[in-house]
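Below, each chain spelled out in residue letters.
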Amino acid sequence: MQSLEQAIQSNQLLCAGLLASRHSVGVDTDISDCLQQLDRWARQAQIHAHISQPDHSAFLRLLTFFYQELAFTGAHDSADTCQPNLLHEVFAYRNGTPVTLAVILSHVAQRLGFNARCVNFPGHFLVRCDIVCKEDKALPDSFALSTALNQAHCHKTSDAEHKQTHSVMVDPINGHLLSVDVLKQKYFSVIEDIDNECMPKEALDPASNDEVVVHMLHQVKSSLINAKRYEHALRSIDLLIHLCPNNPYERRDRGVLLHELDCPQLAIVDYQYFIRQCPQDPAASLLAQQVKHMDITPPVMH
């Protein structure tokens, strides 16, 4: 857990994600193979996609290489399977969820000099790439986010050329660029549409490292629970509690798993914590009744 926290704090998102996914399923935490694989993919992209500088056309070629040559694909229904949610297994099978694919794609792009980062967009993780363009070679309006949304700015370089930073948003499931109109449609399909409300620019801000890792762990936890791999799910919840110690819902979920694993005494501790922290939650009264009837008599050892 300490190495995970160190990776997050030192801005090593890929390492943090790999440590979290491997720890969740009890796999050896040596992640060097995955890191070397990512470097190989970046070198292959540089050669086969002819990427010499991080401009718009090179980024499009990178997307083609990533989704066609490397054959990364998105898992649209990942609730019933663990593989697409585990970052180290996405390296092996090249099939992932929006967040796991976003992490890998953004890091391949970063190796090639692109300013690419993950975005925790409502309902769907995205990849944002900020690209510097000459004013006479600006990106198409349909895909370049407006200044009001991404706080793009103009500046003069030393040779007095005017350059402007534009951002493009990518759906990591398939590599498609998303126009401003599509982004707004997706946003208001998740967030209740209020009259005259605009999509806030903060919706497109890059996510913090801990935000990405926590989101990934939530998906890992859910998939492991659905697969009835409760002992592994318990490992992912322990990581979540370490990263979010004040979240009572993680304590509630750990209590449920401990109860399922026949550890009622430990489960009661987590149930009681949740009940104290969330007394108005409908689940609190149900758990309070359940605690009253739980048998905490220790087993007799013969």
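Conventions and cut-offs
Residues numbered from 1 in each chain as written. Predicted model: local features only at pLDDT ≥ 70, side-chain atom pairs only at ≥ 80, totals over all residues. Heavy atoms only, no water. Helix = DSSP H or I, 4+ residues; strand = E, 2+ residues; numbered from the N terminus. Buried < 20%, exposed > 50% of the residue type's maximum accessible area, 1.4 Å probe, protein only. Contact = heavy atoms within 4.5 Å. Polar contact = N/O pair within 3.5 Å; in protein donor to acceptor, adjacent residues only side chain to side chain. Axes fitted to C-alpha atoms, helices over the stretch in contact; angles between N-to-C directions. Parallel < 35°, antiparallel > 145°, perpendicular 65-115°, else oblique. Left-handed = near helix turned anticlockwise from the far one by under 90°. Nonpolar A, V, L, I, M, F, W, Y, C, P; charged D, E, K, R; others polar. pLDDT = per-residue confidence, 0-100. Disulfide = S-S within 2.5 Å. Phe/Tyr/Trp six-rings, centres within 6.5 Å; stacked < 30°, edge-to-face > 60°.

## Describing the environment of D130
Right, on to step 1. By the secondary structure assignment, D130 is in strand β4 (residues 124–134).
Right, on to step 2. Judged by relative accessible area, which is 13%, D130 ranks as buried.
Right, on to step 3. Expressed as a C-alpha distance, the spacing of D130 and V168, which sit 38 residues apart in the sequence, is 6.5 Å.
Right, on to step 4. Not counting the four nearest positions on each side in its chain, D130 is found in contact with N115, R117, T165, H166 and S167.
Right, on to step 5. Of note is the side chain of D130, whose polar atom sits 2.5 Å from the side chain of R117.
Right, on to step 6. Only 2.3 Å separates the side chain of D130 from the side chain of S167, close enough to count as a polar contact.

## Quick look at the packing of helix α6 (residues 98–111) against helix α9 (residues 209–226)
Right, on to step 1. For the pair α6 and α9, the least separation of the axes is 9 Å and the interaxial angle reads 140°. Classified by the angle their axes make, α6 and α9 are oblique. Once α6 is placed against α9, the crossing between them reads as left-handed. Here V99, T100 and V103 of α6 come into contact with α9, specifically with V212, H215, M216 and Q219.
Right, on to step 2. Classifying every residue of the contact of α6 with α9 by side-chain character gives four nonpolar, three polar and no charged.

## Let's talk about the confidence of the model for the protein
Low pLDDT means the predicted coordinates in that region are not meant to be read closely.
Right, on to step 1. Residues of the protein with pLDDT of at least 70 account for 84%, and the chain-wide mean is 87.
Right, on to step 2. By mean pLDDT, strand β5 (residues 154–156) is the weakest element of the protein at 34, and α6 is the strongest at 98.
Right, on to step 3. This model gives residues 146–160 a pLDDT under 50, and the stretch forms 27 contacts once residues within four places in sequence are excluded.

## A word on the state of the cysteines
Each disulfide consists of a covalent bond between the sulfur atoms of two cysteine residues.
Right, on to step 1. In the structure shown here, the tally under the stated rule is zero disulfides.
Right, on to step 2. No disulfide involves C34; its sulfur sits 9.9 Å from the nearest other cysteine sulfur, which is in C15.

## Thoughts on the packing of aromatic side chains
Right, on to step 1. In the structure shown here, the tally under the stated rule is eight aromatic pairs.
Right, on to step 2. Both rings, one in F66 and one in Y67, keep their centres 5.0 Å apart while their planes meet at 70°; by these two values the pair is edge-to-face.
Right, on to step 3. The buried category is assigned to F66, whose relative accessible area is 0%.
Right, on to step 4. With centroids separated by 5.3 Å and ring planes inclined at 70°, the aromatic side chains of Y249 and F274 adopt a geometry described as edge-to-face. Pair noted here: Y249 is in helix α11 (residues 248–260) and F274 is in helix α12 (residues 264–277), with a separation of 25 residues, a long-range link.

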